[in-house]
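# Descriptive analysis of the structure
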Amino acid sequence: MDSQAYIPGMKPVEPGPLARFTPPLEEGVISAWLPSHTSAGSWVLDPFGFSPRLALEAARAGYRVLVTVNNPITRFQLEMSARSPSETDFKAALADLAASKKGEERLGAHLQSLYLTPCEKCGNEIYADSFLWRKGEEAPYARIYTCPHCEDSGEREANPLDIERAKKIAATDNLHRSRAFERVAALEDEDRVYAEEAIEHYLPRPLYFLTTVINRIDSLNLTPERRRALNALILVACDAGNTLWDHPTQRRRPKQLNIPNQFREHNLWTQLERGLSRWTETSSGVVMEPWPKQPAESGGICLFEGRLKDLAEEVKKEIPIKAVIGSLPRPNQAFWTLSALWAGWLWGREAVEPYKPALRRRRYDWAWNATALKAAFTHLFDMLHLGTPFFALLFEPEPSSLTAALTAAGAAGLDLTSAALRTQHDPIQLFWTSGEHLKRQPNPADIEDVRKEIAAHLIERGEPASYLHVHAAGLIALAKSHALKQKDQEFDEALRETHSLIQTALEEDPRFVHFSGGESLDTGLWGLQSNVTLPKEHRDDVSEATLATGAPRPGGSVPGSAGEGLSDNDGDSSVMAQKAPLSHIVPASPLRGENDMKESLSDRVEVAVVTFLQKHPNSIFLEIEQDLYPRLPGLLTPSQAMIYAVLSSYANRESGAWKLRAEDLASARRDELNHIAGLVETIGRRLGYTTRRQDKNYLWEQNGALERTFYILASALVGRALAETPYPSGQTVIVIPGGRAALAAYKIQRDPSLAAHIKTVQVVKYRLLRTLVELPVLTRETFEEQVAGDPLEKSKSQMIMF
Ligand SMILES: [Zn+2]
C-alpha cells in the first residue's frame, strides 16, 4: 500500500454557525485533492452531506457536487452557506421582528428586557451578556456583563432582581413548554415523550424567548428571502439557548445531551444580532439546485434530500460519478436530537417526520456506526464504476471510529489505498477506491501481519507513537489482506475481536514497549525495544515502500537535506576545521544498521523544515507543510506543533511568512561551530588534556586514556547526537546552542525513549563553554560542577504538547 501524503489546509477564519457540531475541517484540502483525480466540471458525490463546508469547497473549485443530506438542519445550513440572504434582508427581517407589537410594547424591547440586570458598580439597568447557572437550581448564581455607562465588566454575583426575574418567567413555563412540544410532535404521538425530554435542555427564559419569536414569524408577512434570513438567525439562537454550554468551557464539542454542573445562559437577543455576521461571512455564492436539476458544468451543488438508498438507482442511470468525497458521519446524539427539535420549531411537524428516529435513539455505539456506514457504503458502491477514488475525512478520530470505518468500507467492497494520520486532533485522511464486484468473505486474520506492520511503522518513525498510530498500522495490515472481521450485521463482536487482535499483537510481543502510567493499552505511547531485527523479507518491503514514496532511506536523513540547512559538526578531522564537503555532514551512522530504527521523526522534521526555509525563505506555514508531508507520508505525518517548535527555534515570522534568523543561516552556524570546537580544545588544554577529533566527536585524552567526549550541535538533533556517540555515556557531553534548548526540551518531553537516553549523558549550552573559557582559574572540579549545573530543563522551554 502506498503511503499518501497528508493534505494540509488552513483553519477557517470564521468557523460559522453551529460550529461546535459541524466537522472541524481545514479549508483547501478537498480542492487540493480533487484536481489530481478528476477534471473540473465532472461529477463528484458527497454521500453523507455531513459537512456543508466540504461540498461547497468542491463546488467552488469547479466541480458538480451531488450531495445527499438527511438532516434537515444540515440541509438548511448547506443552503444558507451556498447562498445566504443579503445583509439588507437579514437586517430588515430582524427589524420587522423587533418592531412587531407585544401588547403595548415592541417585541424587540420586550425580549431584550428579559436580560435586564442592574450594574453592580453604577446601578444602571443594563443588558447581561449571559447568566450563569448551577444544574437543578431555580435561579442563576451569577451574570456576565459589560456596562456601557461605567465600563464595569466581567462575572458578577446574581442580584436579587435577577433571581426574581428568572422565577417570574419560570412561573409561566408550562404553557410555553407545551407549545414547544406541539411543534415537534402531536399530543397523541408516541414520540412526544422524547421531544419533551429533549426540551428539558432549555431553561424557561430561552424557551419563552424562542417560542415567542417562532410563533411570531407567520404574522410578520416576510418575503421568502427575509423569512429564510430570520430562520437562520433563530437557528443560531436555538443553539445558543440550550444548556449545553458548560462554564467554564471544557466540553467544546458536546456529543451527548447532558446538563453540565455549571452552565451559561446566553442573551438570545444578542445572539440573534450576532447571528447575522456569522451567516453572511460564511456565504460562498455557490449555485445550488434541487435534484434532479443539474448545475452548470462550471460547478455547483445538486442537493438530494433524503437517503442515499433512494438515490442510488437513479444516479446509476444518469450521472457518471468520477470521485467521492465525504466527511464520515460520527454519531452525535446531542446534535441529532436537537436537529429534530429545531426542525420542528422552524418548519413544523412534517419537517421532523423523516428525521424522527433521531429523537428516539439515545445511545450510538461504534457497532451502530459501523452498521450505518456499511449500509451507506454498500449503496455507494453500487453507484460507482470500478476504481472510482473516494477521499474521506474521519474527524475527531479514535481507535474505535477508525475500526468501524475501515471495517464497514471493506465489507462494502471499498479497497483502502492509504491512510494519512497527523494527530488525534486532526481528521484522518482515508483514501479508498471501489473494488471489484465480488461477493467478499474476509480472509483469516494473521496476527503476524499486524505485528509486522506495527513494527515497520515504529522503525520508520524512529520514536514511540500514540496508540492511535499503532492501531491504525494494525488496521491497515488487516485491511490490506482483507482480513477485517465482519459478521454480517453483528459488528459489535467483530469490532471487539479486531481490537483484541491488535492489542494482543502488541501485548504479547516483547519487541513492543508501552510507555504509560500503567493505564490501559490505548493510552500513552508505544515504542520498540531499541534493536529490532525484522526478518529479511520484511526489510525489503520497508525499503521499497520508502524509496517509492521518496521518504527517507534506511539510516539516512531526509533526501535533499544533506546539511545545507543544518551544519552540525561541519569540519574535517582537525579541530580547527576547514569547510568539509556536504556529503560528510549527514552520513549514514555507522551505529545505525539497516535493522535499526530510523532517525527519529522529530529530528527528520527539524532537518527538513530548516532545509526548506534555507531554500525558500519567506514561506508561509502551509507551504512548509506542503513540502514536508510528502517526505513523511501516511502515518508519519508530523504534527503542526512539532513544525511550530522547529520554526520558533530557528525562524522569525513577519506578516505570516517564516524566515531563518540571521544567526541560523548555515554559514553563520558553521563559523560558530568551529568557534565552539576551538573552545573545547582551549578548555581541554587548560585542564591538561589533549583534544583529538574522531568522526564527529571531540575527545579529551590524557596519556592515551579517554577522559571526555564532546559532540557539538548547531541543531537540536539530540537523537542523532546520541546515535553517533559510541563512547561511554558517563563521559559524553552534548553541546547545543542556547537557542535550541527549547526545541531539544520539546523533543525530550514528547519522547520518553529519548528522555531516558538523554539522562545518561550531559547536555550543555554553548554559553557554558564561553563562560568557562573566561574563568581566570579553571580546575577539573570547577569544570565538573559547571557541566553538571547546566541542565536543559532550566532553559526557557515553551511546553508544547504532541
Ligand atoms: Zn455601570
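Just so we're clear, the structure is a prediction, and the values are computed from it rather than from any experiment.

Another aspect to go through is the coordination of the zinc ion. Bound to the zinc ion on the protein side are Cys 119 (SG), Cys 122 (SG), Cys 147 (SG) and Cys 150 (SG), at distances that span 2.2 to 2.3 Å. Coordination at the zinc ion comes from four donor atoms whose angles at the metal span 102 to 113°, giving a geometry best classed as tetrahedral. All donors of the zinc ion belong to a single chain; written as a sequence motif, their spacing is C-x2-C-x24-C-x2-C. A residue is classified by how much of its surface remains accessible, and Cys 150, at 22% relative accessible area, is partly exposed.

The end-to-end C-alpha distance of helix H18 (residues 447-461), which contains 15 residues, comes to 21 Å, matching closely the 21 Å that a straight helix rising 1.5 Å per residue would cover. Along H18, the residues that are buried comprise Val 450, Arg 451, Ile 454, Ala 455, Ala 456, His 457, Leu 458, Ile 459, Glu 460 and Arg 461. By the N-cap criterion, in which a side-chain oxygen at the helix start approaches the backbone nitrogen of a residue two or three places on, H18 is capped by Asp 446, the distance to Glu 448 being 2.8 Å. Looking one or two residues beyond H18, the residue adopting positive phi is Gly 462, at roughly 70°.

Structurally, Arg 216 is set in helix H9 (residues 204-217). Among buried charged residues, Arg 216 stands out as having no salt bridge; its nearest opposite-charge side chain is Glu 105, 9.9 Å away. A distance of 2.9 Å separates a polar atom in the side chain of Arg 216 from a polar atom in the side chain of Ser 100. For Arg 216, the residues in contact, after removing those within four places along its chain, are Leu 97, Ser 100, Lys 101, Lys 102 and Leu 107.

Turning our eyes to something else, we now look at the environment of Lys 485. As for its placement among the helices and strands, Lys 485 is situated in the loop between helix H19 (467-480) and helix H20 (491-507). On the accessibility criterion, Lys 485 (28% relative accessible area) is partly exposed. Once the C-alpha coordinates of Lys 485 and Pro 444 are considered, the two residues, 41 residues apart in sequence, prove to be 8.4 Å apart.

Another point: the confidence of the model for the chain. Taken over all residues, the pLDDT of the chain has a mean of 88, while the share at 70 or more is 89%. Counted against residues more than four places away or in other chains, residues 794-802, with its pLDDT under 50, gives 23 contacts.

The next point concerns the sheet that holds strand E22 (residues 657-660). Taken together, three strands build an open sheet; the order of strands is E20-E22-E21 and the sheet is antiparallel. The open sheet terminates on both sides in strands that have one partner only, identified here as strand E20 (619-620) and strand E21 (651-654). Here two bridges tie E20 to E22, and the two strands are oriented antiparallel to one another. Counterpart to Ile 620 in the pairing with E22 is Ala 657. Relative to the sheet, helix H22 (residues 601-615) contacts E20, E21 and E22, its axis offset from that of E22 by approximately 95°.

Cut-offs applied
Residues numbered from 1 in each chain as written. Predicted model: local features only at pLDDT ≥ 70, side-chain atom pairs only at ≥ 80, totals over all residues. Heavy atoms only, no water. Donors = N, O, S within 2.8 Å, 3.2 Å for Na, K, Ca; no water. Tetrahedral: all angles 85-135°; square planar, octahedral: opposite > 155°, others 65-115°. Buried < 20%, exposed > 50% of the residue type's maximum accessible area, 1.4 Å probe, protein only. Helix = DSSP H or I, 4+ residues; strand = E, 2+ residues; numbered from the N terminus. Expected span 1.5 Å × (residues − 1). Polar contact = N/O pair within 3.5 Å; in protein donor to acceptor, adjacent residues only side chain to side chain. Lys, Arg positive; Asp, Glu negative; His and termini not counted. Salt bridge = Lys/Arg side-chain N within 4 Å of Asp/Glu carboxyl O. Contact = heavy atoms within 4.5 Å. pLDDT = per-residue confidence, 0-100. Pairing = 2+ DSSP bridges. Axes fitted to C-alpha atoms, helices over the stretch in contact; angles between N-to-C directions.

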